[in-house]
There are 2 protein chains.
Amino acid sequence: MAGDVPVTPDLILAAEARLAGHARVTPLLSSPFLDAVAGRRVLVKAECLQHTGSFKYRGARAALSALPEGTEGVLALSSGNHAQGVALAARELGLKAVILMPSDAPRIKLDNTAALGAEVVTYDRATTDRDALAAEMAHARGLELIHPFDNRHVIAGQGTVGLEIAAQTDTRGADVLVCCGGGGLTAGVALALEARAPGLRVRPVEPEGFDDVARSLRAGQITPNAARPGLCDAILTQAPGQLTFPILQRLCGPGLVVSDAQALAAMALAYERLKLVLEPGGAVALAAALFLPDAVEGDTVIAVATGGNVDRDIFLRALNNGGADAHSPA
Amino acid sequence: MAGDVPVTPDLILAAEARLAGHARVTPLLSSPFLDAVAGRRVLVKAECLQHTGSFKYRGARAALSALPEGTEGVLALSSGNHAQGVALAARELGLKAVILMPSDAPRIKLDNTAALGAEVVTYDRATTDRDALAAEMAHARGLELIHPFDNRHVIAGQGTVGLEIAAQTDTRGADVLVCCGGGGLTAGVALALEARAPGLRVRPVEPEGFDDVARSLRAGQITPNAARPGLCDAILTQAPGQLTFPILQRLCGPGLVVSDAQALAAMALAYERLKLVLEPGGAVALAAALFLPDAVEGDTVIAVATGGNVDRDIFLRALNNGGADAHSPA
């Protein structure tokens, strides 16, 4: 896990250089209608427009492009967005990719990962020790394991989102809300903003029942969730990482927690007001910006919309009841 | 209508300067999955991400910011996207805006125009001579009429889409497909590309039954449609304009025509593969890129996705049957 060397601003700049011409610079969007809901200016970093439909391509490409010459292939463990990012980056760089995915991952994520040329191996989330399976398979097949968040180059790659935010807004005092699973993006953005715009304070956002990061930050130590499925599949990690947690602890404000109904309502508003497709786990930061006005500070709030890989039935559910329960507390 | 002076590249550059810091530079997106459908590389200019959800804000802001000092207000005639563009630009510039809209315009467009501070006056499409009503009302209330396409500054403002396309791609030989109503955007983009990337040839795209531009180009003279409602409400003009048609005639390749089913299927693919919300009239260029592969030339095709202001029932229809009839001829 390369845990011995810290993730530095230079590592993020190096990742940015390797990603140039490959990762998209995604726009920072806004709508007066969203401002009216939130009661302050809302800026939305549209990472659902990144290649493969989520920010994960950044970290994947950064990590794979840092592998030593002669690496034959990579193995990744992912519910679907890291999977697609690794699959595309591997195809671009001529590496073999094997992806371990839970059998109940969204259909669109399973299908896309395979369509991008990766070998997809599914496992039963309830009965499998996925980390043990991954380590065993990587060893047996001579593949490099690319951890979805506890990997310095992955964190650095995700940090390029923070560099872009700092360049795209003049705002220098605001909360930056980030949809948070294991904390790779959250840590990377926090490090980038520490270097470029230290008045922008990162706040992790999680779905109700999966607030391991918020609880870990409060407790001052890693405090896991139980493992179980949920609507926000992209960010249902059990705990922040060994590499990411110390960064979150040092740089982030308190975690925020939203309900599934609020995530769905944020999806409906992103559809209507930004013309963006978000998945539930990619909408929790926007949900917090819109529906938890008292929990954030400042005239402006920035939310990272992290992904848009959502099965059609879930998206229709968001459009059909979007907004109904959004204002009830999480 | 200021028809005496031609629209020049300098006028587009002047519009670009006035729009800087106001209009968004929208991204040029792509997906390997769309490339596979089209059989060539597909680049999508995502103007649905422009302020107010369509490119129309560009022309509106360009025209309103060119009005003489002392202008009190403006009047516009629009099924909804020009309406919202004018409403927002007027609010930003401190001008009064009165918008004449058909009473059967999409709900989202009527509501947004009013919410942006404009006075909305509706008329019955079947029984009203809208041009006469607009002229009369502008005169009676001392308002400047902002034509949706036959206005030099509007065309120049829309032309900034072409400047951005030329800057965002290295491709120098390709068809550029543009959703076409009265031809303001199509003419503006064609002029911009003539100056910046003459190997990029503009092709207007229209819905079946409303192909006045394609027929006019073939006939060598303006050849109107009957006026009637249809799915692609944003681009159901009866004829190209006096200002726009000569530009289209000089610069554009043959027009393309798609079916409503193809427009809906393109909306479903934009949702799934680009994470974008498109309205039917904003999806016809992408539909032609995807479903009329034999009608365009080159290894790459560029499609302008012009808007995303769609009522929920139409969007759900696109998601529910998206793709079903897409490959049948228009």
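Residues numbered from 1 in each chain as written. Chains lettered and ligands numbered in written order. Predicted model: local features only at pLDDT ≥ 70, side-chain atom pairs only at ≥ 80, totals over all residues. Heavy atoms only, no water.

**Student:** Kindly report on the overall build of chain A, identifying the contributing residues and their values.
**Tutor:** Of regular secondary structure, chain A possesses 13 helices and 10 strands. For 330 residues, the compact-globule estimate of 2.2 N^0.38 gives 20 Å, and the C-alpha radius of gyration of chain A, at 18 Å, lies within 12% of that figure. Counting only C-alpha atoms and orienting by the principal axes, one finds that chain A spans roughly 55 × 40 × 40 Å. Split into buried and exposed, the 330 residues of chain A put 62% on the buried side. Long-range contacts, defined here as pairs at least 24 residues apart, represent 75% of the contacts in chain A between residues at least 6 apart. Working note: accessible area of chain A is about 11600 Å², and carbon and sulfur atoms make up 50% of it. Counting 28 positive and 35 negative side-chain charges, chain A places the centres of these two groups 4 Å from one another. (Helix = DSSP H or I, 4+ residues; strand = E, 2+ residues; numbered from the N terminus. Rg over C-alpha atoms; globule rule 2.2 N^0.38 Å. Buried < 20%, exposed > 50% of the residue type's maximum accessible area, 1.4 Å probe, protein only. Contact = heavy atoms within 4.5 Å. Areas by Shrake-Rupley, 256 points an atom, 1.4 Å probe, with all protein chains shown as cover. Lys, Arg positive; Asp, Glu negative; His and termini not counted. Charge placed at Lys NZ, Arg CZ, Asp CG, Glu CD.)

**Student:** A description of the domain arrangement of chain A should follow, citing residues and the corresponding values.
**Tutor:** Residues and elements named next belong to chain A. The assigned domain composition of chain A is domain 1 (9-55 + 152-325) and domain 2 (56-146). Its C-alpha centre places domain 1 at a distance of 23 Å from the equivalent point of domain 2. Each side of the interface is counted separately: domain 1 has 28 residues, and domain 2 has 22 residues. Both faces considered, domain 1 and domain 2 share a buried interface measuring about 2000 Å² in area, 54% of it formed by carbon and sulfur atoms. Where domain 1 touches domain 2, the interface holds four salt bridges. Notably, a salt bridge pairs K109 with E279, separated by 2.7 Å at the nearest N-O pair. Put simply, domain 1 and domain 2 have 18 residue pairs in polar contact (both at pLDDT 80 or more) between them. Only α1 (9-19) and α7 (152-168) provide two or more residues apiece to the side of domain 1 that touches domain 2. With seven residues, α7 is the largest single contributor of residues to the side of domain 1 that touches domain 2. (Domains from an automatic or database assignment. Buried area = accessible area lost by both parts, 1.4 Å probe. Salt bridge = Lys/Arg side-chain N within 4 Å of Asp/Glu carboxyl O. Polar contact = N/O pair within 3.5 Å; in protein donor to acceptor, adjacent residues only side chain to side chain.)

**Student:** Tell me what's going on with the interface of chain B and chain A, and back it up with residues and numbers.
**Tutor:** Taken residue by residue, the interface counts 33 residues in chain B and 33 residues in chain A. Counting each side, the surface lost to burial between chain B and chain A is near 2600 Å², with a carbon and sulfur contribution of 59%. On the surface where chain B and chain A come into contact, there are two salt bridges. The salt bridge partner of E272 of chain B is R312 of chain A, with a shortest N-O separation of 3.0 Å. The tally of links between chain B and chain A comes to 16 residue pairs in polar contact (both at pLDDT 80 or more). Every element with two or more residues in the side of chain B that touches chain A is listed here: β1 (28-29), α2 (32-38), α5 (107-115), α11 (260-274) and α13 (312-321) of chain B. Residue classes in the side of chain B that touches chain A are distributed as 19 nonpolar, seven polar and seven charged. (Nonpolar A, V, L, I, M, F, W, Y, C, P; charged D, E, K, R; others polar.)

**Student:** Lay out the packing of aromatic side chains in plain terms, naming residues and giving numbers.
**Tutor:** One pass over the structure, following the stated rule, counts five aromatic pairs over all chains. On the numbers, 6.3 Å between centres and 75° between planes, the contact of Y271 of chain B with F315 of chain B is edge-to-face. Pair noted here: Y271 of chain B is in helix α11 and F315 of chain B is in helix α13, with a separation of 44 residues, a long-range link. Each of the two residues, Y271 of chain B as well as F315 of chain B, counts as buried. Over the ring of F33 of chain A we find R273 of chain A; its NZ or CZ atom is 3.8 Å from the centre of that ring. (Phe/Tyr/Trp six-rings, centres within 6.5 Å; stacked < 30°, edge-to-face > 60°. Lys NZ or Arg CZ within 6 Å of the ring centre and 35° of its normal.)

**Student:** Hey, could you go over the sheet that holds strand β9 (residues 256-258) of chain B for me, with residue numbers and the actual values?
**Tutor:** Residue and element names in this part refer to chain B. Pairing is mixed across the open sheet formed by six strands, whose spatial order is β1-β2-β10-β7-β8-β9. In this open sheet, the two strands that pair with only one neighbour each are β1 and β9. Note that strand β7 (residues 174-179) and strand β10 (residues 300-305) share four bridges and pair parallel. If you follow V176 over to β10, its bridge partner there is I302. (Pairing = 2+ DSSP bridges.)

**Student:** Summarise the pattern of salt bridges; cite the residues concerned and give the values.
**Tutor:** All names here are of chain A. Taken as a whole and assessed by the stated rule, the structure comprises 34 salt bridges over all chains. For the salt bridge of R41 with D35, the shortest nitrogen-to-oxygen distance reads 3.9 Å. Here the salt bridges do not stand alone but share partners, grouping K45, E47, R58 and E164 into one network.

**Student:** Which residues make up the side chain of R152 of chain B, and what values go with them?
**Tutor:** Looking at the element boundaries, R152 of chain B is found in helix α7 (residues 152-168). Polar contacts involving the side chain of R152 of chain B include one to the main-chain carbonyl oxygen of P6 of chain B, which spans 3.5 Å.

**Student:** Any details on the side chain of S79 of chain B? Residues and values, ideally.
**Tutor:** Residue and element names in this part refer to chain B. Tracing the backbone shows S79 in the loop between β3 (73-77) and α4 (81-93). Of note is the side chain of S79, whose polar atom sits 3.4 Å from the backbone oxygen of D233. Apart from the residues within four sequence positions on either side, S79 is in contact with M101, P102, A105, P106, K109, D233 and A234.

**Student:** If you had to explain the packing of helix α3 (residues 56-64) of chain B against α7 of chain B to someone new, which residues and values would you point to?
**Tutor:** Residue and element names in this part refer to chain B. Across the interface, α3 lies against α7 with an axial gap of 7 Å and an inter-helix angle of 130°. What the angle tells us is that α3 and α7 run oblique. Regarding α3 and α7, the two cross each other, and that crossing is right-handed. For the pair α3 and α7, contact is made by K56, R58, G59, A62 and A63 and by H153, V154, G157, Q158, T160, V161 and E164, respectively. (Axes fitted to C-alpha atoms, helices over the stretch in contact; angles between N-to-C directions. Parallel < 35°, antiparallel > 145°, perpendicular 65-115°, else oblique. Left-handed = near helix turned anticlockwise from the far one by under 90°.)

**Student:** Which residues make up the pairing of strand β2 (residues 41-46) of chain A, and what values do they have?
**Tutor:** Residue and element names in this part refer to chain A. Within β2, five of the six residues are buried, leaving the element largely enclosed by the surrounding structure. Two strands pair when backbone bridges link them, and strand β1 (residues 28-29) and β2 are joined in this way by two bridges, in the antiparallel orientation. Along β2, the bridge assignment pairs L29 with V44. The pairing of β2 with strand β10 (residues 300-305) spans six bridges and is classified as parallel. What sits directly across from R41, in β10, is T300.

**Student:** Break down unusual backbone geometry for me, citing the residues and quoting the values.
**Tutor:** The phi dihedral of K275 of chain A falls on the positive side, at around 65°, and the residue is not glycine. Turning to its location among the elements, K275 of chain A is positioned in the loop between α11 (260-274) and α12 (280-291). Judged by relative accessible area, K275 of chain A falls into the buried class, the value being 3%. Look at T52 of chain B: it is not a glycine, yet its phi comes out positive at around 70°. Tracing the sequence through the fold places T52 of chain B in the loop between β2 (41-46) and α3.

**Student:** Could you give me a rundown of helix α9 (residues 212-219) of chain A, with the residues and numbers involved?
**Tutor:** All names here are of chain A. Of all the positions in α9, only D212, V213, A214, S216 and L217 are classed as buried. Buried-residue contacts for α9 involve β8 (200-207), α10 (244-251) and β9 (256-258). The positive-phi residue at the C-terminal boundary of α9 is G220, with phi of around 75°.

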